[in-house]
Amino acid sequence: MAGRKRTRDGVTDASQSKTSSNHHHQQTSNNKNGASVQITIHFDGGSRGNPGIAGAGAEVVIIKNATPPITKYFIRQFCGMRETNNHAEYQGLISGLEHARTLLGELTVPSSTSLPTSVSKPMFNLQVFGDSNLIIQQLRGNWQCKNDNIRPLYLRCQRLIHEIRQIDKNSIVSFDHIYREQNEVADQLANEAMDQRRSWMTNESSGGNDAENNARTMKVGVVTVGVAAAAARRNKEVIDVDDDSSDHSC
């Protein structure tokens, strides 16, 4: 697919964005199976040069028992100085899946899980959204991943998905392709990682308490960094090339 250029004028901190279209997915997500926990992941990644300076982003949202508080986690992952767009996209997905697994592991298992499997109430629904159709189709098993540089990341995602599904086998994990306009928060998070060339995470609850100003340390992927106030954003031109090949393999 031909390369596409995006211009980011005056990029702002994604955790402060008031126009996120991600809420569309959260509000329209059906919970017909009665799961007590809803988690959504929006992931993205980019490379300035492809390969070049690369960063990834993931927004993880968790809602328990369909009631507030709603907690959002904003993950920025700096991927390196010479990585591809697809590499960064997969890193964003891995960051989101790892955090979702951590959140689910911290939850108290509902008493309904002691019932026979056939009648147990699902513990959670996990919905994964991304604007890379290549990755979504690979996760669904429709397309293959053959690229030697990308395949380890693909296999890492598959292991994480398997581990998440093992937490509760009645629960649902789904993958949906969305347009870039519906993935603005994750896109901004990736840009912030590229701008600052570091990895960090912030979170906020439905009460609006942003943890970014806390002088604490969070671990994102393999990089541990101190969380500080976001620096002023400079205007950036982002070269975003989709590496989809004609045989749908990466």
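This one's a predicted model, so the numbers in the text were calculated from it and none came from an experiment. (Residues numbered from 1 in each chain as written. Predicted model: local features only at pLDDT ≥ 70, side-chain atom pairs only at ≥ 80, totals over all residues. Heavy atoms only, no water.)

**Here's the deal with the pattern of salt bridges**
Now for step 1: In this structure the tally under the stated criterion is five salt bridges.
Now for step 2: Two residues, glutamate 192 and arginine 76, come together in a salt bridge whose shortest N-O distance is 2.7 Å. With a gap of 116 residues between them, glutamate 192 in helix 5 (residues 184-196) and arginine 76 in strand 4 (residues 67-83) connect regions that are remote in the sequence. The same class applies to glutamate 192 as to arginine 76, namely buried. (Salt bridge = Lys/Arg side-chain N within 4 Å of Asp/Glu carboxyl O. Helix = DSSP H or I, 4+ residues; strand = E, 2+ residues; numbered from the N terminus. Buried < 20%, exposed > 50% of the residue type's maximum accessible area, 1.4 Å probe, protein only.)

**A look at the confidence of the model for the protein**
Now for step 1: Here the protein shows a mean pLDDT of 77. Residues at 70 or above account for 65%.
Now for step 2: Of the regions scoring below 50 in pLDDT, residues 110-115 engages in seven contacts with residues more than four places distant in sequence or in other chains. (pLDDT = per-residue confidence, 0-100. Contact = heavy atoms within 4.5 Å.)

**Considering the packing of aromatic side chains**
Now for step 1: On inspection of all chains with the given rule, the structure shows zero aromatic pairs.
Now for step 2: Of note, arginine 198 hangs over the ring of tryptophan 200, and the distance from its end group to the ring centre comes to 3.8 Å. (Phe/Tyr/Trp six-rings, centres within 6.5 Å; stacked < 30°, edge-to-face > 60°. Lys NZ or Arg CZ within 6 Å of the ring centre and 35° of its normal.)

**Side note on the state of the cysteines**
Now for step 1: One pass over the full model with this rule turns up zero disulfides.
Now for step 2: Summary of cysteine pairing: cysteine 157 is not part of a disulfide, and the nearest cysteine sulfur, belonging to cysteine 145, is at 9.4 Å. (Disulfide = S-S within 2.5 Å.)

**Let's talk about helix 2 (residues 85-106)**
Spacing of three or four residues puts side chains on the same side of an α-helix, whose turn is 3.6 residues.
Now for step 1: Compared with an ideal rise of 1.5 Å per residue, which puts 22 residues at 32 Å, helix 2 spans 32 Å between its outermost C-alpha atoms and is within 8% of the ideal.
Now for step 2: In terms of residue burial, helix 2 counts as a mostly covered element, since 17 of its 22 residues are buried. (Expected span 1.5 Å × (residues − 1).)

**So, helix 5**
Now for step 1: Compared with the 18 Å implied by 1.5 Å per residue over 13 residues, the 18 Å span of helix 5 between its first and last C-alpha is a close match.
Now for step 2: Where burial is concerned, most of helix 5 is hidden: 11 out of the 13 residues are buried.
Now for step 3: For helix 5, the complete set of buried residues consists of Val185, Ala186, Asp187, Gln188, Leu189, Ala190, Asn191, Glu192, Ala193, Met194 and Asp195.
Now for step 4: Where helix 5 ends, the next residue or the one after it, arginine 197, has phi of about 55 degrees, a positive value.

**Some words on the side chain of serine 36**
Now for step 1: Tracing the backbone shows serine 36 in the loop between helix 1 (22-28) and strand 2 (37-48).
Now for step 2: Judged by its relative accessible area of 12%, serine 36 falls in the buried class.
Now for step 3: At 3.1 Å, the side chain of serine 36 forms a polar contact with the backbone oxygen of methionine 123. (Polar contact = N/O pair within 3.5 Å; in protein donor to acceptor, adjacent residues only side chain to side chain.)

**Quick word on the environment of aspartate 131**
Now for step 1: Mapped onto the elements of the fold, aspartate 131 is located in the loop between strand 5 (124-130) and helix 3 (133-139).
Now for step 2: Residue class for aspartate 131 comes out buried when judged on its relative accessible area of 11%.
Now for step 3: Each C-alpha atom, one on aspartate 131 and one on asparagine 183, is 6.9 Å from the other, the two residues being 52 residues apart in sequence.
Now for step 4: Ignoring any residue separated from it by four or fewer positions in sequence, one finds aspartate 131 in contact with Phe43, Asp44, Glu89, His177, Ile178, Tyr179, Arg180 and Asn183.

**Points about unusual backbone geometry**
Now for step 1: Between asparagine 50 and the following residue, proline 51, the backbone shows a cis peptide bond with an omega angle of 5 degrees.
Now for step 2: Inspection of the secondary structure puts proline 51 in the loop between strand 2 and strand 3 (52-64).
Now for step 3: Of the consecutive residues proline 68 and proline 69, the connecting peptide bond is found in the cis state with omega at 5 degrees.
Now for step 4: In this structure, proline 69 sits in strand 4.
Now for step 5: Tracing the backbone shows asparagine 50 in the loop between strand 2 and strand 3.

**Describing the side chain of asparagine 191**
Now for step 1: Relative to the helices and strands, asparagine 191 resides in helix 5.
Now for step 2: Reaching out from asparagine 191, the side chain makes a polar contact with the side chain of arginine 48 at a distance of 3.0 Å.

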